[in-house]
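So the chains spell out like this:
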Amino acid sequence: MTRPPGAELTAAELARADEHSAHNYDPLPVVLESAFGVWARGIDGVEYLDMLAGYSALNFGHRHPRLVAAAQRQLERLTLTSRAFQHSVFADFCEAVGRLCRKDAVLPMNTGAEAVETALKLARKWGYDVKGVPPDSAEIITFADNFHGRTIAIVGFSTDDEARGGFGPFPPGFRTVPYGDAAAVAAAITPNTVGVLVEPIQGEAGVRVPPDGFLASIRALCDEHGMLMIADEIQSGLGRTGHTFACDHEKVVPDVYVLGKALGGGIVPVSAVAADWSVMGVIGPGQHGSTFGGNPLACAVATEVVGMVESGEFQSRSRELGSHLHALLAELPGVGEVRGRGLWAGVDLPAGGPSARTVCERLLGRRVLAKDAHEGTIRLAPPLVIERREITWAVEQLADSLQSSE
Ligand SMILES: *Cc1c(COP(=O)(O)O)cnc(C)c1O
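Each chain has its residues counted from 1, following the order in which its sequence is written. Where totals are concerned, whole chains, interfaces and linings use all residues; where local detail is concerned, this predicted model gives features only for residues with pLDDT of at least 70, and gives and counts side-chain atom pairs only at 80 or more. Remark: hydrogens and water are excluded; side-chain values derive from all non-hydrogen atoms of the structure.

Test applied: UniProt positions are given in the numbering used here, feature names are shortened, and annotations may be inferred rather than shown by experiment.
Looking at an unreviewed UniProt entry, one finds the protein named ornithine aminotransferase, with Rhodococcus gannanensis as its source organism. Quoted verbatim from the Pathway (unreviewed entry) field of UniProt, the annotation for the protein is "Amino-acid biosynthesis; L-proline biosynthesis; L-glutamate 5-semialdehyde from L-ornithine: step 1/1." The protein has a UniProt comment under Cofactor (unreviewed entry) that states "pyridoxal 5'-phosphate".

Next comes the structure, spelled out in structure tokens:
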């Protein structure tokens, strides 16, 4: 392959980062310096089409003017108070997120993993205080191939050896069953089960959509056995699948929503847990918190995000452009199964051919940023502001990358 201009610059910068940073990632060989909308510019001077969107943290594209303006307004006024004091955008944020989720109350955190931990603590405390589970014996059902973040408790119930290996001992109290298998959920329930933690679509596992009726079955089991349905909508929520939440596809309303990623508008980390008072009411002062959770800058940006989601515009874009994307992918020669909903797709590559990583490197050479999910799957999740012709172009680049070794 002919090296594009600026490739030496990129190589030097990657080597410098490698020398000074922990090696907990293996990034594709590109160094970005600026971006707007769906396009990101590398220090090599090349414009790349972003088909990953920060794992859905950039649903509204890079530096959306409405979100940048909201952040800038807030930067000029107040950025941090800690939760020791109330601030003037806090109520706006909680009201907005609660309204979007149709829940009474919101608990703000920063990262996705923290929000998942919050939901787990909430479910356990609810189990003891409301359900009457004996102390220290609450159980939560989780699913094989889940991804909920990187804390010790969360990787403890991961089934990915890379994610959990070497990090034990892990907290007990989790039972893991196959994803999509409602009978396995039913079989794992005990009198001490307080909740079921589920991704409505498994993102990191390769955009795996559960069988129809799976979420509704979990909802029914939770109602029947007095357990909380906790939906991790961190990657699937806020328009990604063509609805506000991926649970909406089955008209299922969980007891607890866990949000993150796009809630921060691609500007600041913002996560949140939303639930009704019957659940959220079990947490009192001093029992949970975060110095940065619900800070003014985060609240200002996330409130604007909710306003944008409430317009419905991004959900319809995802639905309409998603069917364009999936129609093109269905015609793509040389691929296996294609899964997903809306502007979200997992494209399996046949065994024996190039790895997903190799195809992503070839895509990079064709100015498309995409990321593998495990060895054999390419994940596509562009910002929801992408245009139809850009999708067509990206899939053409994917077709070329699958065919040629360059
Ligand atoms: C990314 C992700 C998380 C973790 O979010 P972080 O902000 O990286 O901690 C949790 N759950 C799901 C479904 C995710 O996609």
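Alright, that's what it looks like, and here's the rest.
## Some words on the sheet that holds strand 11 (residues 338–340)
Applicable threshold: A pair of strands is treated as paired once DSSP finds two or more bridges between them. Only DSSP runs of H or I reaching four residues or more are called helices, and only runs of E reaching two or more are called strands; each is numbered from the N terminus. Interaxial angles span 0 to 180 degrees and are taken between N-to-C directions of axes, which are lines fitted to C-alpha atoms, for helices over the stretch in contact.
Ordered by their spatial adjacency, 4 strands build an open sheet running 11-12-15-14, and the pairing between neighbours is antiparallel. With one partner strand each, in any of the chains shown, strand 11 and strand 14 (371–373) form the two edges of the open sheet. Taking the axes of each pair of neighbouring strands and ignoring which way they run, one obtains an average angle of 30 degrees across the sheet.

## Some remarks on the pattern of salt bridges
The line we're drawing: We count a salt bridge whenever a side-chain nitrogen from Lys or Arg sits within 4 Å of a carboxyl oxygen from Asp or Glu. Only protein chains enter the calculation, and the probe is 1.4 Å; a residue is then buried if its accessible area is under 20% of its type maximum, exposed if over 50%, and partly exposed in between.
Within the structure shown, the criterion is met by 18 salt bridges. One salt bridge connects D255 with R219, and the closest N-O pair in it is separated by 2.9 Å. With D255 in the loop between strand 8 (228–232) and strand 9 (256–259) and R219 in helix 9 (residues 214–225), this residue pair connects regions lying 36 residues apart in the sequence. With relative accessibility at 19%, the residue D255 sits in the buried group. Salt bridges sharing partners connect three or more residues here, namely D26, R357 and E361.

## A closer look at the domain arrangement of the protein
How we decide: Domain start and end points were adopted from an automatic or database domain assignment. In what follows, residue pairs with any heavy atoms lying within 4.5 Å of each other are defined as contacts. Using a 1.4 Å probe, buried area is obtained as the accessible area two parts lose upon being combined, added over both of them. What qualifies as a polar contact is a pair of N or O atoms within 3.5 Å, subject to a donor-acceptor requirement within protein and to the restriction that residues adjacent in sequence count only when both atoms come from side chains. Side-chain classes follow a simple rule in which Ala, Val, Leu, Ile, Met, Phe, Trp, Tyr, Cys and Pro form the nonpolar group, Asp, Glu, Lys and Arg form the charged group, and the remainder, Gly included, forms the polar group.
Entries for the protein in the domain assignment read domain 1 (7–63 + 313–403) and domain 2 (65–310). Centre-to-centre separation of domain 1 and domain 2, based on C-alpha positions: 26 Å. At the interface, 30 residues of domain 1 touch 31 residues of domain 2. Note on domain 1 versus domain 2: buried area summed over both sides is about 2600 Å², and carbon and sulfur give 59% of it. Interface area lost by domain 1 to domain 2 is led by F60, R341 and W344, which between them contribute 31%. When the shortest N-O distance is used, the salt bridge between E204 and R379 registers 2.9 Å. Inspection of the domain 1/domain 2 interface yields 17 residue pairs in polar contact (both at pLDDT 80 or more). At the level of elements, helix 2 (53–56), helix 12 (313–330), strand 11, strand 12 (345–348) and strand 15 (377–380) are the ones that each hand at least two residues to the side of domain 1 that touches domain 2. The residue inventory of the side of domain 1 that touches domain 2, partitioned by class, reads 15 nonpolar, 10 polar and 5 charged.

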